[in-house]
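Observations on chain architecture
Below are the chains, spelled out letter by letter.
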Amino acid sequence: MSLTVNDVDRFVAFKPRLEAIAYRLLGSASEAEDAVQETFLRWQAADLDRVEVPEAWLTKVLTNLCLNQLTSARARRETYVGRWLPEPLLEGDPMLGPADTAEQRESVSYAVLTLMERLSPNERAVYVLREAFDYPHREIAEILDITEAASQQLFHRAKKHVAAGKARTEIDEATARRIVEEFLAAATSGRTEPLVRLLTADVISVGDGGGKIPARVKPFEWPLAVATFLRGLFKPAEVKRAMVGGRPEIYFTTANGEPAVVAVVDGRVVAIMCLEITADGIAAFRNQVNPDKLARATAQWAAGDHGEPLLTAL
């Protein structure tokens, strides 16, 4: 069926919300864009005279497309080279969606997106729709074709799984920048002791290279091992420069609402390191170096002015 201008406008107006839902569900901006495009094709083919509430119809179609994608993604990730981490989004990316409440900001944090990989597809859908977008369980039940009681049970279970991770501490930008600067100073000092003092007792460091950039499959755990790895990571080496195509400039930024370090070579983002900060120190480093998951960040980086780098590494 051909769409009227009004039909297209209704979809366009709701598209940013669809993209934000899809990104939280899939952890991938490119896959989220594909899901939203497929939703538009379904919208285009539907008998819209029978659609009573367009936003509810679109959310249902999108969510079920994402559930199918999550099911197939689990099979694909079994053959993924190395550890799989979500695609990070830099501050200001509209796909991050609403950030008015602590729950909304938490739901899109890199730490929580990583934790949500432990959830079943239905648990993840209920958690995202309820926690980030405040859908009532009655509507979630209709979207997923389950009972309202089942929706509540899935949400309770998902919340419990996510809460089992480290508690994130919300900090202001100035404090975040100070912590990142202290971290970089310690990482480039050539000594492990200054780094160890910044870390929690159960700190981890994990990286995603997608088989294209070397990244250890097993996370580094505990302060000394993580500090030793980070000290080596920031130690100058010709092989590292060759791998990324030059000398990276290191900036402070925010990714998914968390303090982050971004490495840029000739305007190209080559790495994003997200820091999970708690009241006890830095609890996790999640490093995205898979170039396939940095293309959107590179495009967004090119559109902004980021001032002087904190340092030039490697």
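To be clear, the structure that these remarks concern was listed above.
As the structure is a computational prediction, the values presented were derived from the model and not from experiment. (Residues numbered from 1 in each chain as written. Predicted model: local features only at pLDDT ≥ 70, side-chain atom pairs only at ≥ 80, totals over all residues. Heavy atoms only, no water.)

Within the secondary structure layout, Pro219 lies in the loop between strand 1 (199–208) and strand 2 (220–221). Separated by 39 residues in the primary sequence, Pro219 and Glu258 place their C-alpha atoms 20 Å from one another. Residues in contact with Pro219, not counting those within four places in the same chain, are Arg83, Ser205 and Val206. (Helix = DSSP H or I, 4+ residues; strand = E, 2+ residues; numbered from the N terminus. Contact = heavy atoms within 4.5 Å.)

This part is about the pattern of salt bridges. Where side chains of opposite charge bring their charged atoms close, a pairing between them can arise. This model, assessed by the stated rule, comprises 17 salt bridges. The closest approach of N and O atoms between Lys293 and Asp208, which form a salt bridge, is 2.7 Å. With Lys293 in the loop between strand 6 (281–288) and helix 13 (295–302) and Asp208 in strand 1, this pair connects stretches of sequence that are 85 residues apart. As far as the burial class goes, Lys293 and Asp208 line up, both buried. Each of the salt bridges in this network shares a partner with another, and the network as a whole consists of Glu33, Asp93 and Arg296. (Salt bridge = Lys/Arg side-chain N within 4 Å of Asp/Glu carboxyl O. Buried < 20%, exposed > 50% of the residue type's maximum accessible area, 1.4 Å probe, protein only.)

Let's shift gears to the sheet that holds strand 7 (residues 311–312). If you trace the 7 strands from one edge of the open sheet to the other, you get 2-1-6-5-4-3-7, paired in mixed fashion. The open sheet terminates on both sides in strands that have one partner only, identified here as strand 2 and strand 7. Direction of pairing for strand 3 (residues 249–255) relative to strand 7: antiparallel, over a ladder of 2 bridges. Counted as the bridge partner of Glu249 is Thr312 from strand 7. Along the sheet, helix 11 (residues 223–233) makes contact with strand 1, strand 2, strand 5 (268–278) and strand 6, crossing strand 1 at roughly 45°. Contacts from helix 13 reach strand 3, strand 4 (258–265) and strand 5, with the element oriented near 95° to strand 5. (Pairing = 2+ DSSP bridges. Axes fitted to C-alpha atoms, helices over the stretch in contact; angles between N-to-C directions.)

Our next topic: the packing of aromatic side chains. Summed over all chains, the structure comprises 7 aromatic pairs. Both rings, one in Trp43 and one in Trp57, keep their centres 5.7 Å apart while their planes meet at 55°; by these two values the pair is tilted. Of the two residues, Trp43 sits in helix 2 (residues 29–45) while Trp57 sits in helix 3 (residues 54–77), which places them 14 residues apart along the sequence. Taking the relative accessible area as the measure of exposure, Trp43 reaches 1% and is therefore buried. Overall, Trp57 belongs to the partly exposed group, its relative accessible area being 24%. Through a chain of ring-to-ring contacts, the aromatic side chains of Phe183, Phe234 and Phe285 assemble into a single cluster. Cation over ring: Arg216 sits above Phe220, and NZ or CZ is 4.2 Å from the ring centre. (Phe/Tyr/Trp six-rings, centres within 6.5 Å; stacked < 30°, edge-to-face > 60°. Lys NZ or Arg CZ within 6 Å of the ring centre and 35° of its normal.)

Purely geometric stuff here, so don't read any function into it on its own.
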